[in-house]
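# Analysis of the macromolecular model
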Amino acid sequence: MKIQHLSEILEGLKGKTPRRLVAVNAIDAHTIEAVAEAVKLGIVKGILTGDPEKIARTCSEIDVDINLFTIEAAASEEEAALKAATLVSNGQADLMMKGLISTDKYMRSLLNKELGLLPPKAILSHIAVMEYPNYHKLLIVSDVAIIPYPDLAQKITMTNYLIATAKALGVETPKVAIIAATEQVLSGIPACTEAAVLAKMSERGQISGGIVDGPLALDVAIDAEAAAIKKIESPVAGDADCLLFPNIDAGNVFYKMSTRFCQSEQAAIVTGARVPVVLSSRGDSMQTKLNSIALAAHLS
């Protein structure tokens, strides 16, 4: 069944076996509130790493029962991340979530070769699922947080991640728009030429499971009227399920514009590791963090 709203992911998890979620340095209110809500909904069993005194203080301030969680004491962000990654590595946790910790320290724990959370030759990439009041379906986008300037090989992997995520949300044949500044294939703009290569690879079956087209400007990808005006004939134009951005600059600006100006709801994860990993911004709301937990649990 195709999922049309982020709330449907939450509803679909109710009554299923809860996943074991470990939140890294979970000392802030938004993280604790989100994990507590997920525990109360029966989606996860919550494990918090971090300073027990700070966790207890935050729980008291926001009136959350600390007994909802298992606490794993850690004296620093680095120790909290290492403990969480070790729990996942040992099979004691199914999902991992970023709390009040910088992204580089969080990601470093995933890349720890001794823990083996990253399969050989795997690429970590960020995927966000966005819900807008003025778009007719969920929009799945990458990469807004991890890979700064992906090369063609990375873009192939990222495209496959987008297709797999869309399929997990019930999209039978995902339509992937490879975003650039223009629909023209201009040799001087690498985003355009690489988009054309990805589209041709999809056409020839080297990228399977979805329909990939590009280069497409953002307006053409999501607005059928803009595509018609520009005379762009494509099964993806105006009806994209997924957007692959050329670099982190474009993707991150798009994500933050969506959250601050477009009244969008979102969920965000990292793909490529042995388990789904929640990576939301420290400034994200409790609801965004809860949506992200639900998405990770759904994909696991």
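This text follows the structure it describes.
Our subject in this report is the structure included herewith. Note that the structure is a prediction, hence the values are computed from the model and not measured.

### Focus on the overall build of the protein chain
- Helix and strand counts for the protein chain come out as 11 helices and 11 strands.
- In terms of overall size, the protein chain behaves like a compact globule, its C-alpha atoms giving a radius of gyration of 19 Å where 300 residues would be expected to give roughly 19 Å.
- Based on the C-alpha atoms only, the size of the protein chain along its principal axes is roughly 60 × 40 × 30 Å.
- Put simply, 70% of the contacts in the protein chain that link residues at least 6 apart link residues at least 24 apart.
- Side chains of the protein chain give 28 positive and 34 negative charges; the mean places of these two sets differ by 4 Å.

### Examining the sheet that holds strand S11 (residues 277-278)
- An order of S3-S2-S1-S4-S11-S10-S5-S6-S9-S7-S8 is seen for the 11 strands of this open sheet, with the pairing classed as mixed. Of all strands in the sheet, those with a lone pairing partner are strand S3 (69-73) and strand S8 (211-216), marking the two edges.
- Lying on the sheet, helix H2 (residues 29-40) is in contact with strand S1 (19-24), strand S2 (44-50), S3 and strand S4 (95-98); it crosses S2 at an angle near 155 degrees.

### Some thoughts on the pairing of S2
- With 6 of 7 residues buried, S2 lies mostly within the body of the structure.
- As for the winding sense of the linkage, the β-α-β connection from S1 through H2 to S2 is right-handed.
- Relative to S3, S2 is paired through 5 bridges, and the arrangement is parallel. Across the sheet, residue Gly46 finds its bridge partner in S3, namely Phe69.
- At this point the chain moves from S2, through helix H3 (residues 52-61), to the parallel S3, and the crossover so formed is right-handed.

### Some thoughts on helix H10 (residues 248-261)
- When the terminal C-alpha atoms of H10 are compared, their 19 Å separation across 14 residues agrees well with the 20 Å that a helix rising 1.5 Å per residue should span.
- Inspection of H10 places Ile248, Gly251, Phe254, Tyr255 and Ser258 among the buried residues, and these make up the whole buried set. Angularly, the buried residues of H10 cover 140 degrees about the axis, an arc narrow enough to put them on a single face. Opposite the buried face of H10, by more than 90 degrees, sit the exposed residues Val253, Arg260 and Phe261.
- Close packing links the buried residues of H10 with strand S5 (125-131), strand S6 (139-142), helix H8 (218-222), strand S9 (242-244), strand S10 (265-271) and helix H11 (286-299).
- Its side-chain oxygen placed 3.1 Å from the backbone nitrogen of Asp249, Asn247 serves as the N-cap of H10.
- Taken from the residues just after H10, Gln263 is the one with a positive phi, measuring 55 degrees.

### Notes on the pattern of salt bridges
- This model, assessed by the stated rule, comprises 12 salt bridges.
- With a closest N to O distance of 3.5 Å, Arg108 and Asp104 form a salt bridge. Here Asp104 and Arg108 lie together in helix H5 (residues 103-110), a separation of 4 residues that amounts to about one turn.
- Classification of Asp104 by relative accessible area gives partly exposed; the value is 45%.

### Observations regarding a nonpolar patch on the surface
- Nonpolar side chains collect at one region of the surface, where Val253, Met257 and Phe261 lie side by side and expose about 330 Å² of accessible area between them.
- Relative to the elements of secondary structure, Phe261 occurs in helix H10.
- Its relative accessible area of 60% is what places Phe261 among the exposed residues.

### Structural notes on the pairing of S6
- Of the two faces of S6, the one holding Leu139 and Val141 and the one holding Ile140 and Ser142 are both buried throughout.
- Relative to S6, S5 is paired through 3 bridges, and the arrangement is antiparallel. By the bridge assignment for S6, Ala128 is matched with Val141.
- Relative to S9, S6 runs parallel, the two being bridged by 3 bridges. Within S9, the position partnered with Ser142 by the bridge is Leu244.

### Side note on empty space enclosed by the protein
- Under the criterion given, the structure shown has 1 cavity of 30 Å³ or more.
- Size it by volume and the largest cavity reaches roughly 50 Å³.
- Every residue along the wall of the largest cavity is listed here: Lys2, Ile3, Lys137, Leu138, Ile140, Leu169, Val171 and Asp241.

### Remarks on the side chain of Thr288
- Along the chain, Thr288 turns up in helix H11.
- Among the polar contacts made by the side chain of Thr288, one reaches the side chain of Gln266 at a distance of 3.0 Å.
- Not counting residues within four places of it along the chain, the set of residues in contact with Thr288 comprises Tyr255, Gln266 and Ala267.

The rules behind each value
- Residues numbered from 1 in each chain as written.
- Predicted model: local features only at pLDDT ≥ 70, side-chain atom pairs only at ≥ 80, totals over all residues.
- Heavy atoms only, no water.
- Helix = DSSP H or I, 4+ residues; strand = E, 2+ residues; numbered from the N terminus.
- Rg over C-alpha atoms; globule rule 2.2 N^0.38 Å.
- Contact = heavy atoms within 4.5 Å.
- Lys, Arg positive; Asp, Glu negative; His and termini not counted.
- Charge placed at Lys NZ, Arg CZ, Asp CG, Glu CD.
- Pairing = 2+ DSSP bridges.
- Axes fitted to C-alpha atoms, helices over the stretch in contact; angles between N-to-C directions.
- Buried < 20%, exposed > 50% of the residue type's maximum accessible area, 1.4 Å probe, protein only.
- Right-handed = clockwise from strand over helix to strand, strands pointing away.
- Expected span 1.5 Å × (residues − 1).
- Arc of directions from axis to C-beta.
- Polar contact = N/O pair within 3.5 Å; in protein donor to acceptor, adjacent residues only side chain to side chain.
- Salt bridge = Lys/Arg side-chain N within 4 Å of Asp/Glu carboxyl O.
- Patch = residues over 30% accessible without salt bridge, like charges linked within 9 Å, V, L, I, M, F, W, Y side chains within 5 Å.
- Areas by Shrake-Rupley, 256 points an atom, 1.4 Å probe, with all protein chains shown as cover.
- 1 Å grid on protein atoms, 1.4 Å probe; cavity = no way out; pocket = protein on both sides within 12 Å on 5 of 7 lines; lining within 4 Å.
- Points joined across faces, edges and corners; volume = space filled by probe spheres on them.

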